[in-house]
Every structure is written in C-alpha cells, then in structure tokens.
Amino acid sequence: MRSSKSKMGRKDVKFINKKRIKRTVNWLGTGIVKDRRLPNQFYYTKCDFGTFDLTVDDFVYVENKDSANEKDTLSEAFVAQLTYLYDTGYNSEDCNRAVVKWYYRKHELNKHIQKELLDPNELLLNREDDTSSGDIDIELILNKCWVEKIESDEELNSFLGDDLRSSGFFVYRSYDGHHLNNLEYYRTSKQHVKTPRSCRTSVCTPQSRSRPSRQLRGKSLSVLEDLTIEDDIITNDVIVRDIITNDVITRDFKYSVKPLGMTSKCEPLPKNLRVSPIKTAKKKIDLKSPPKSSAGYKRDEVAELLGDDEISSDTASSHTESILNVSGPVQSSRRLSRKSVANKSVTKNRVASKKTDTDSDISTPNSRQSSPPRNLTRSEIKRRAVSESVTEGIKRSKTVVIEVQDLTSRKSSRKSLPFEDKKAKKTKPKPKTPSKSKKRLPHRDLSMTSSDEQSDSDFDNDSFEFDSDDSDFVVKSVSKVKGSAKKNNTKHKATTRKGTRSKSHAEATPKQTKATVTPSRRHASFTPSMPKRKEVCSTPGGALEQARAKLHVSAVPESLPCRDNEFSDIYSFVESKLLDGTGGCMYISGVPGTGKTATVHEVVKCLEEAVQLGDLPDFKFIEINGMRLTEPHQAFVQLHQELTGQKVTSDHASSLLDKRFSKPAARRQPTLLLVDELDLLWTRKQNVMYNLFDWPSRPQARLIVLAVANTMDLPERIMINRVSSRLGLTRMTFQPYTFKQLQEIVLSRIHGIQAFDEDAVQLASRKVAAVSGDARRALDICRRSTEIVEEQSKGNKSKLLVGMVHVDKALQEMFSSPKIVAMRNTTLQEQLFLKAVLAEFHRSGLEEAPFSRIFHQHIALCRFEGYIAPSMSEVSAICCRLSSSRLLLIENGRHDLHRRVRLNVSQDDVNYALKQWKNDTTD
Amino acid sequence: METLDAVQAVLRERMSGLICPELLGFENETKTLHDVIERTAAFGESNSILLIGPRGTGKSTLLKKILDDLNKDKRITRNLQTVYLNGLLQTDDKIALKEITQQLELENTVDGRVFGSFAENLRFLLDSLKSGDQLSSKPVLFVLEEFDLFAHHKNQTLLYNLFDIAQSAQTPLCVVGLTCRLDVIELLEKRVKSRFSHRQIYLFNKQSFKEFVYVFQTYLQLNQDKTIEVKDSKFVKKWNTEVEKLAKESAMLDILRRQFNTNKDIRALLNLMVIPVGRLSHTHQYLLSSDFIDSFRHHSIDSKAAILHGISVLELCLVIAMSHLNEIYDGEPFNFEMVYNEYRKFSERRSSMQKFDRAVVMKAFEHLQQLELIMPLDNSSVRIQKEYRLMALLLDKSQILETLQKYPNCPTEIKQWAQSAVLT
C-alpha cells in the first residue's frame, strides 16, 4: 500500500512540476468588484484551472511546501475550502488568488487532539487562523478533494457505522486551538455535499452527480473520444484520476461506464491501431520473447481456442495482437498511462456489471478498487491491458472475450499464490468483510476467481454476471473452455511459473519486509529511554537536605531572578518577530554560568504560555547545541529532523532547508531556533553559520534565531564579514553576576528553609563574584557547605546552620591549589629532584634545563645530603612520576637524556613546600 | 612441602594486585565519596566529582572499596547502574559513546554491538538520558579512569554532555573522574569547567616510614583465620614470626628505607617482594633480607649501564671517544667521522690495540645506534650521508666509568683512556 502510494506520488510530483508551467487560470463567469477602492480586483465564482475547474466552496488540497515527503505531496498537503476566488488585477505572477478556509488534517494536530479524532480521515475546521493566512496563490492548489460534511450526530453515527464508507475525508467539528466544537451552525450549500447514501442511490441520474465527478467524466470522455489529443494531457488526466483516491471519484467512473462503452464501441479500431500496429507487435514478440515465454504460449492458445470456437475475425486477431504487444517487455510510459486509462474504464465496467447485487455489495468492490490502480507494476499493467481488451471485446465479439478471459485467468493463476486464490474465493461471497489480501490485490480478483472456478469444478458464476445481455453467453462459453484451459493451466504452471511468479513475489514480499525491518539498522524506530529505578526515590527530609536539593543547579526555580532586563528584551524581540511574521537574528553573549540559556528557555516558556492563551501565533521551538553535535554540519541534520522528523545526510538537509526557507508557503509555522555554543559551529567556509543567519532574512522563512556564545566579540573575531553582517547588530551581553545578584539567586532558592546564615551566603557570593560571577559555582559552593555541616555535625541533627566556617572550608576545597600539599607528600628523592631542578635553574639562569644536567645536580645533592645516589634509571623514573602529576613538564621521552624539564609550579612554591618539609622532619 | 607451595600461591596472588589491600588513611575522603555516590543512588541527586592523586595512591582502590561497600546495601545495588570508562581504552568520544550505550544496554544495542553513526549514537544517548528524570529513572554512575585523557577529546563533547546532564533535571548521574594530574581542572574548557561541580578529592600518599614497614609486614604475613589454603597453623605461626623478625632486621630496614625514599608506592613495594617470594623453596623456606637486597639491586639497576656490559671492545672504544668529544665540544653533537678520527688517534697512540677497518668501525657505530645509545638529531627524512649525520650520545660519563669498572677483561689502555683528561 505504501509503496504504491509513493510511486503514485512520484508521478504526482512530475505532474505538478510539469503543470506549474502549463497550468493557467481561466476565469469563468463575470467578475464582481467587491471593493470600490480596488476596481481591478475581480471576484469570481468559478475558474478553469488546467485540468479541473475550481468553484467557490470546493474543497482543495493546498500544497504544503514544508512537507518533507517530496514524493507524496497529497498525504501532507493542507485541506482547505475555497471561499473566494479573485484576480488582483496586477499583472504579477501571483495575481490569481484564492481565499480559503483551512481544515486541520490529523498530522497537523497536537498529539492530544489527535486522540480525540474519531477517524484518521476526520478533518477539523480551523477557527484559529485569521483570514490573511487564508489568502493563497491559486498555483498552490494541487487538486480537489472530497470532503463529507456531517452536520448532525445521527448522520455522524450512521456515517461512522458504515463500514463501507470510503477513505475520503469528512468534517464534523471545528477546532479553535483549545476546544473542539460541533459544526452545527455551519451550513453549506447542498450542491457539493452529498451523504454517501444519497450518492449511492442516485447512481443513474447524471443531474445528481457531484461536481468533480461530472467534470472528470467529461475528461475521460474526451480522452477516449478525441484520440488526437496531446499525449501529455492524457497522461495528466489519467494521473489526476489516479491521485484522487477517494470513493467519489471511483464512483464517478462507475457512472461513466456507459458512455465509455459507447465510445469504445464507436471507435474501436483507431485506438487499437494507436496502441500497437499489428506488425510491430508481432515482431516484438518474435524478438523479445523466447518461444516458451508466456506471450508465445498465449498466442498459440488463442489460436487454438479460436479454432475450437470457430470464430476468427479480423478484429479478434488484432485484439490478440494488441494484447501480446502490451505484454511485451518494452512499454513506454505513455503507453502505460494510456493502458491505465482504458483499464480504469474496464474496471468500472466490471463494477457496473456487478451492480445487480445489493447496494452495499457494490460499494465494497469500489473501495477495494479505489487505491490499488495506482499500484502499477509492470506485470499488473500487462494484466490490465489484457482485461482492457477483454471489455472491448465484449462489446464487439463475444467469443474473443471468452478467449481472452480464459487467457487472463490462466495468467493470473500463474501469478497469484494459491492461498491467495483461496482467500479471494472465500471472501468473495461476503464482500462486507474486508480482507487484506483483497485490498492489496483487488485487481486480480476477477481473474483469480475465474481460475479458481476452472480448477474447481463448482462454478461460481456470479462474478461474471455481466449487466449486459451478453452475460449468459459469456458464462456458457467460459464453462465450455474449462476443460482445455485446465490442461493448459497445469502445463503453464510447470513451465512458466518461474518468471511471472517471481515477479509477483517481488511485488508482494518487499512490502512485508519493509514493515518488519530488522531493528539493527533503523535507529529511528528506537525510543530513547532509560531504565526505571526499582525503589522509590527518597525525598530530602531535613532542612539541610531540602536546601541542598533546592541549591542543585538542575532545580529550576519558578522565575529567574536578576535577569529581568535581558528577559524582557529577548521576549519582546521574539514576540515582535512572531507577531510580524518575519524573521530575525539575535546574538547573546556572556561568560559561562550567567544564565543565557536559562533565560532563553524562560522566554520560550512564557511565549508558549502566551500561545496557549491565544495571544501569539503558534511557533516551533528548536534547540541546537554546538557541543552536542559531532561536527558543525550536523546542525542541519538536527534542524531538519526537528522540523520534519526525517533523517537525512547533512548535505541533503542543508539543501532541503535552503529550499524550505527560500520559498514562500501557505500556513508556515514560525520557527524559533536557539543555537547554543555558536562558536563550535565554526567551519572553514563558515557555511553553517552563514546559512543559519541568512535564512531568517529571507522574506517567507519566518525563522527567528537566537545565537548564544561566550565571547562578546565572537562575530568580529571568528566570522567573516558576510556572516557577521547577516547576524546583524541585535546583540545582548549577559554581564557576570555581581555578588548581590548571586546572593539573591541563592537566597531565592533557599527561601523559607532555615539552613543558611546570611553572612555565609554573602561570603560565598562575594568569593564567586570576585572570580567568575558564575552562578553555578555559587550554588555548588553552598551545596558543598551543607554537606560539610552535615559531616561535621556527625549525626547531631538538631538545628544545623551553615556558617561562614563551612563556606570557607568549601571554598578552600574548591579553589585551593593542591600543589604544595602534593609536593610535601612526595618521596625524599623526588623532593631532591625538585631541588636539583631549582639548583640547575639557578645555575643556568634559565627556566628550562636538560635532564642530564639536572641528573648531575641530583647526584651532587645526594652526596651533599648524605644519601645513596640513585641510578640514572631511577632518577628518570622519578622525573616521569613528577611529570605525570604535572609538577614538572617534560619533553617527549625519545630525547632521553636531552629532554628539557620545566617546573609547572612557581619556584617560590617549591622552596616554601620543601623548607616546610625540612622543618617537619627535623622536629 | 605442600604448605610452602600454598603459602607461595597466596603471596603471589597478593603480589599480583588482584586482591585489594587495606587502605591506610583516607577516612575523610572515603566518607565524602561514599556519601556522594549514596546520595545519587538514594535521592537521585546528580553530582560530579574528581579523585586526584599521584599514581599508586589508591584512587581506584578507594572507589572499588566504596562500591563494594555500597553494593552490600540492596537498596543501592538495585538502583544504580555503573558505566566504566578508561581514557586509555576509549580514546575518542565515538568509542566512548558506543561503550556507554553498550554498558547501559540501551535499545540500539544489538547483541552487545552498537550500530549507527557517531552523530546518531550521540543523539540517541542524549535523548535517552534526557528522557529520564530525577525521581523515576535509575541513576547512573560514570567512572572515568584517566580522566585527563577525556579532556583531550575533540571539543570535550563527552565531558560537556555528562556534566551538563549532571547539572540539569535529567537522568541522575554521578560522574566520578580519576586522574593523576593535579592541573586537570585547567584542562577543561571554560564551559565544561563551569558545568563541573568542582568537587575534588585529593589523595596523597602520606605514609610515614613506620607505616610503610607495617604495610610490608602485613603483606607478607599470613592471616590465620582467612587463609584457608594454608592449613598447617604451626607453619603459619612460624612464618609470621620469621616475617616479623625480618621486618626488624637492619639490612632489611635499610632496603626498605631506600625504597621508601625513592618510591613509596605500594605497587613498587609489591614488585620488590616478587623476586624473594618466587625464590622460596624446600631448601629456602623463609624470606631473608639478602633476597630483598638482591631484588632491590635488580630493580634499581641502571638499564643503560647494563646494556654497556654487553657491547664489544670496539664499541666501547667508540663510546669513550664520543664521551670525549662531548667533553671537548661541550655537548655539541658529533658525526661518525669525528668519532672515527678520535678512535684512530687513540689506536695509533696505543699500538698494542687491535686496529679495525673503517667499515668495521662503521658497523659498530650503527650497532650503537640500534641499541639507542646514540641518537640521530636530525630527521631521518633529510638525506645526509650517514658518515656525516649528527648524533648525540645518550650516556652520561659516570655511567661509562661505572661500566668500565665491571666490564669483563677490559684492556687497561681503554680504562686509562676513558679516565684520562681529554684536554691533555
């Protein structure tokens, strides 16, 4: 089903692209001026739009330019109803415009609203959008679509209760962004809206047909009548009908059966000739198909059977030729499409013939047929072509019909799997139960059944019960042929099974494998999740524990203190851009831990609240963090994935995004993009940054970029001019927090908890403010202080307060350098080596010395101090140990004796540490 | 003598470092780290902490002890996942990510293997960690050994993300880094540094000599209750008193003092004990101080002097010539021609010496280069005739003189030449 859709979609795109040049709008009727100030602006009620007409109140598909699925435009297209059609009167490209009312399709809605939908095909009338966004270019209209309007509950119930209803859309409620309302007061003209029932009952009266169907029928007629019409148009038309998957159109074909039959009766030969000149067809068979191929057999059989039934006419033979030609391997797309035209009509013909059944029986085959015709694999086309001629044959010579039918049946018996045959047969008498195999292979039904009927002796002829008066004869002759057909059947099964069968397998199996893809490769199918803990998480009990939990950086406070100005600046910037529907960039800088990202998140939170209240248009928030990307171009991938949910390569994502942001589109949602750690997106060509800042300036992109980085002068420092120019001058700097602000931040978090001495907080914030102004640091220090208090109290839980002493201890732990302690705890020889280094520095006057010289100094020192001198290897090991803890810096080991040694500590520190140590040891 | 074999086996196992020795000191540090990890498991509090100390101070041992301790508590075992990473094994973020995914057994692990590109894996891991929350997710303990090496990864992506998650309300993490670099904080990029909680525990080897001797003794003594392998309690008693005696012997104490002065690392002490323990036999039932003296000599031997013992007289002559050149030119590099010239002067002066062809001398010169006793200074890519390639001697004069003392059958002329003042 899926693959068929996408296949269809590709054609569809082709069609649209081709159409974009050709489609022109011809206004029908007289234009009315609605606004006196715009005397050139004419409103119309109807227009001819290339392949179809548009009338006010029609439902149409509007192209979703942001749709990621290029191949299948309709599945993500918007649905809208035309309210006005007008010509702006300016001679510009987009002078033909339409005002539409939007409808929500399922995929456009939020998850929780999606749950409310009764059916995947339910539409919701959009009551949110203002009319301005409903003013679109007519060119964006892809096609018409069928929407059932349901106005009362009873209707809804009967509609939903109807298993046989089509896959078309229906609308019952409206959605204003908050609530779902019934449509009750919303009345439309009855002209277009038909309940399914009324449609069905009005089968034969052309007056009651729905509009699009009439129009399409007209087209199909014209195709068949006017055979000199340009091929392109035919193709288009055919595809148009293929696109329209819903019931209405199919039903329409049903109605058009009779005229079609008439036409084909009128002009049968020219068509055949066009399809295949007999001689070339013969040649083709000879050349391209080996004598044992199915085509060859068919010819023989046909001749044989013709002989049996004593009927041989020119028309008959020409038919057979045409069939064979079609089944030949070379088929141009033009021919393909033409076949499918004819084939369609055949299908409908058959449907019409079955109409002797009850009302419900009719609609089931219809719905079954509605989508599969798009599934045009080569083999199927062959079969269709055959069945095409079958119907034509019916009209002209009865026996040929039988031959061909027989042929088709045998062919299909080869193609279809046995179990499918059985299934088809079983379900046939009860069309109400929808069977999957049928849905997938509906076209084979006819032929399959016939093959079954031939192999089984009991003959179920109701599938061949034609509406025409020929039906009796058909049935009879089929049963006559039965015997010989059986023979041939088995023969064919033995000989030609391989080729055709594998084809049908290939057609059927990939779908199944695709559905159950092995999980190893498809990452998208995984849901990221973490294992759950087994036991309930303990909650902090005491005041200190509570304070500690509140002081954790991750504990998000209700509001961010101390960043009010920055907050309001960013908020108003984004808000204005959202309201204007434009885009823009803002650069935010500040040292780490000054609340840049937190403020932006706060802004987004507030904006989302505003959206909920309906004050702002809905927007999409996307966050990209340079540190979370493996390389800068991954930014495109992530952005694209957030926008469309698809994974593509970075190059592709870049081009897709570029396309998206450079084209205007109907109903584009504004995007708010937070680019964190911007400096990491730097590349040599700077194309990542260039694009990120260029897109917002495109008129229709509606992209707002908030770029966050640490350095204030980043745009000037690392960006080339064209990038920094695009970034613009909307900049903001987050100053490091002052001690008062830090104090406020800490106090606001522990508000109401008696855990901290006021002075202690001040000490911590003053210390931090003096160093970095990093709020994270201040919070960490306070958190560590609470731990120190707990450690020191040793279980004494009563009334603990964090005082200056504890904060000081925490500060000591975090900021004191451990190097002096480290030096004091080294071994004697290591200390001697450090002294030797100092002595050598002193001797040479340089801050660097080769190892060999220090070694000499070391040996001398040892002698002086009265220790046994260690060997060279030992001293070398000592040197390496000291450098592994980075008290010393040494060169690469391959220089051995000549490697240079430097101190990583100040000489004073070494002197201090070692003097202290000496005193300690002597004491 | 099965008992002796058993004793040997027990001691060997101890020497190999498989069994954690008792840690002396570090009570405060242990408690701090213990509390941090326990809080992560119990409250879902995210933390990051660094354990810093020189090699062999017992950082990993400390952590292992704490985890063993915590694992006794079922409440914690069931609520804590542990991911071990080592900077020497996970040399870049890509490998590290795969390892993490594998150890966490996330969904994209198939049969213990992780597929997908680096970007996909990173995204998936981050999304997974993001999907968790403080109260319901199982906390994860990340142990990063050789933490400093992770800081050399590109952009420090892994560290940034780990610390960032630890600072935000996602899956609770406890990141414990172990490193021997004291300046590790300076390695962190400013954003990573800001996200790190700055808890650092410094571990230094504060042992005094007394404790060092005590450690030595406990390592060798057999524990009567626990060592089931050694059944002969009489022997065990005897063994223990012998070890006690040994630890009081002055020769032994001398060795231990020297060891203590150069390296008080426990691992080095264990290495020192390996040879004596291996020498135990029927005839040699108890450890003697002489064994340790041998072992110590073995460990403190100068490797280059040892190599010099094995070279030929000609090569020795060349080495002496080079050392003279070094003295003459004050450490400037030399080439073969200079060395050959020096050698020729010597051999002509001392006629009793056997004279070698230039080609033979060249061969000897190349052999010295292969032994890495001399080292070419320029890059090998520059094509210079090998006779004129500049070389540097990687030996100290003291090493050469020391070797000559022990060199078997060293001609006296050579000794004299080596000891002679150059500038006469």
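Residues numbered from 1 in each chain as written. Chains lettered and ligands numbered in written order. Predicted model: local features only at pLDDT ≥ 70, side-chain atom pairs only at ≥ 80, totals over all residues. Heavy atoms only, no water.

Across its full length, chain B holds 21 helices and 9 strands. Relative to its full complement of 424 residues, chain B shows a buried share of 55%. Long-range pairs, those at least 24 residues apart, make up 72% of the contacts in chain B with a sequence separation of at least 6. (Helix = DSSP H or I, 4+ residues; strand = E, 2+ residues; numbered from the N terminus. Buried < 20%, exposed > 50% of the residue type's maximum accessible area, 1.4 Å probe, protein only. Contact = heavy atoms within 4.5 Å.)

Residues and elements named next belong to chain A. Sheet architecture is open: 3 strands sit in the order E20-E22-E21, paired in antiparallel fashion. Edge positions in the open sheet fall to strand E20 (849–850) and strand E21 (888–890), since each of these has one partner strand only. Across 2 bridges, the pairing between E20 and strand E22 (residues 900–903) is antiparallel. By the bridge assignment for E22, Pro-850 is matched with Arg-900. Here helix H35 (residues 828–844) sits on the sheet and contacts E20, E21 and E22; the angle it forms with E22, its principal contact strand, is near 100°. Along the sheet face, helix H37 (residues 872–884) touches E21 and E22 and points at about 110° away from the line of E21. (Pairing = 2+ DSSP bridges. Axes fitted to C-alpha atoms, helices over the stretch in contact; angles between N-to-C directions.)

Residue and element names in this part refer to chain A. With respect to topology, 3 strands assemble into an open sheet ordered E1-E4-E5, the strand pairing being antiparallel. Since the sheet does not close on itself, it has two edges, and those belong to strand E1 (25–28) and strand E5 (52–55), each with one partner. On average, each strand axis in the sheet is inclined to that of its neighbour by 25°, with strand direction left out of account. Sheet topology note: the strand E4 (residues 46–49)/E5 ladder contains 4 bridges and is antiparallel. Considered in E5, the bridge of Asp-48 is made with Asp-53.

It is worth spelling out the pattern of salt bridges at this point. Residue and element names in this part refer to chain A. Evaluated as defined, the whole model comprises 51 salt bridges over all chains. Residue Asp-780 pairs with Arg-783 through a salt bridge whose shortest N-O separation is 3.6 Å. With a gap of 3 residues between them, Asp-780 and Arg-783 both fall in helix H32 (residues 775–793), about one helical turn apart. Of the two residues, Asp-780 and Arg-783, both sit in the buried class. (Salt bridge = Lys/Arg side-chain N within 4 Å of Asp/Glu carboxyl O.)

Once that is clear, we can look at the interface of chain A and chain B. Taken together, the contacts link 80 residues of chain A with 96 residues of chain B. Three residues stand out in chain A for area buried against chain B, namely Met-530, Arg-533 and Met-627 of chain A, and they jointly supply 10% of the buried area on that side. The interface formed by chain A and chain B includes 11 salt bridges. Note that Asp-679 of chain A is salt-bridged to Arg-191 of chain B, the shortest N-O span being 2.7 Å. Put simply, chain A and chain B have 34 residue pairs in polar contact (both at pLDDT 80 or more) between them. Only helix H22 (543–551), helix H25 (634–644), H32, helix H33 (804–815), helix H34 (819–824), H35, helix H36 (851–865) and H37 of chain A provide two or more residues apiece to the side of chain A that touches chain B. Tallying contributions element by element places H32 of chain A first for the side of chain A that touches chain B, with 7 residues. When grouped by side-chain class, the residues that make up the side of chain A that touches chain B number 23 nonpolar, 27 polar and 30 charged. (Buried area = accessible area lost by both parts, 1.4 Å probe. Polar contact = N/O pair within 3.5 Å; in protein donor to acceptor, adjacent residues only side chain to side chain. Nonpolar A, V, L, I, M, F, W, Y, C, P; charged D, E, K, R; others polar.)

In the structure shown here, the tally under the stated rule is 21 aromatic pairs over all chains. Measuring from ring centre to ring centre gives 5.2 Å for Phe-336 of chain B and Phe-365 of chain B, while their planes differ by 65°; the resulting arrangement is edge-to-face. Here the residue Phe-336 of chain B occupies a position in helix H18 (residues 336–349), and Phe-365 of chain B occupies one in helix H19 (residues 358–370), the gap between them amounting to 29 residues. The two residues Phe-336 of chain B and Phe-365 of chain B agree in class, both being buried. Taken together through their ring pairs, the aromatic side chains of Tyr-43, Tyr-84 and Tyr-86 of chain A make up a single cluster. It is Arg-563 of chain A that lies over the ring of Tyr-737 of chain A; its NZ or CZ is 4.2 Å from the centre. (Phe/Tyr/Trp six-rings, centres within 6.5 Å; stacked < 30°, edge-to-face > 60°. Lys NZ or Arg CZ within 6 Å of the ring centre and 35° of its normal.)

This part takes up the state of the cysteines. Taken as a whole, this structure holds 0 disulfides over all chains when the rule is applied. Not part of a disulfide, Cys-879 of chain A finds its nearest cysteine sulfur in Cys-880 of chain A, a span of 5.7 Å. (Disulfide = S-S within 2.5 Å.)

Residues and elements named next belong to chain A. At their nearest, the axes of H35 and H36 sit 8 Å apart, and the two run at 115° to each other. Relative to H36, the crossing made by H35 is right-handed. Of the residues in H36, those in contact with Gln-829, Leu-832, Phe-833, Lys-835, Ala-836, Val-837, Ala-839, Glu-840 and Arg-843 of H35 are Phe-851, Arg-853, Ile-854, Gln-857, His-858, Leu-861, Cys-862 and Glu-865. Here the residues of the contact of H35 with H36 sort into 9 nonpolar, 3 polar and 5 charged. (Left-handed = near helix turned anticlockwise from the far one by under 90°.)

Counting 72 residues, the largest nonpolar core has Phe-833, Phe-851 and Leu-888 of chain A together with Leu-159 of chain B as its most contacted members. Top contributing element to this core by residue count: H35 of chain A, with 8 residues. Not counting the four nearest positions on each side in its chain, Leu-888 of chain A is found in contact with Phe-833, Leu-834, Val-837, Cys-879, Leu-882, Ser-883, Val-901, Arg-902, Leu-903 and Asn-904 of chain A. (Core = buried A, V, L, I, M, F, W, Y, C linked by side-chain atoms within 4.5 Å.)

What makes Asp-780 of chain A buried here is its relative accessible area of 2%. Dropping the residues within four chain positions of it, Asp-780 of chain A is found in contact with Val-553 and Met-814 of chain A together with Gln-167, Phe-196 and Ser-197 of chain B.

Moving on, we come to the side chain of Arg-777 of chain A. Counting through the fold element by element, Arg-777 of chain A comes out in helix H32. What makes Arg-777 of chain A buried here is its relative accessible area of 4%.

With that settled, consider the pairing of strand E6 (residues 173–179) of chain B. All names here are of chain B. With respect to burial, E6 is a largely interior element, 7 of its 7 residues being buried. Burial along E6 is two-sided: Leu-173, Val-175, Gly-177 and Thr-179 and Cys-174, Val-176 and Leu-178, pointing in opposite directions, are all buried. Pairing of strand E1 (residues 47–52) with E6 involves 6 bridges; the strand directions are parallel. Bridge pairing links Ser-48 to Val-175 in E6.

A few words on the packing of helix H17 (residues 313–329) of chain B against H19 of chain B. A pair of packed helices is characterised by two quantities: the angle between their axes and the separation of those axes. Residue and element names in this part refer to chain B. Where H17 meets H19, the axes come as close as 9 Å, and the angle between the chain directions of the two elements is 75°. In terms of axis orientation, H17 runs roughly perpendicular to H19. Contact residues: Leu-314, Glu-315, Leu-318, Val-319 and Met-322 in H17; Val-360, Val-361, Ala-364, Phe-365, His-367 and Leu-368 in H19. Looking at the contact of H17 with H19 residue by residue, the classes come out as 9 nonpolar, 1 polar and 1 charged. (Parallel < 35°, antiparallel > 145°, perpendicular 65-115°, else oblique.)

Phi at Glu-677 of chain A is positive, roughly 50°, even though this residue is not glycine. Mapped onto the elements, Glu-677 of chain A comes out in the loop between strand E17 (671–676) and helix H27 (687–694). Unusually for a residue other than glycine, His-198 of chain B sits at a positive phi of about 65°. In this fold, His-198 of chain B is placed in the loop between helix H10 (190–195) and strand E7 (199–202). His-198 of chain B gets classed as buried once you look at its relative accessible area, which sits at 6%.

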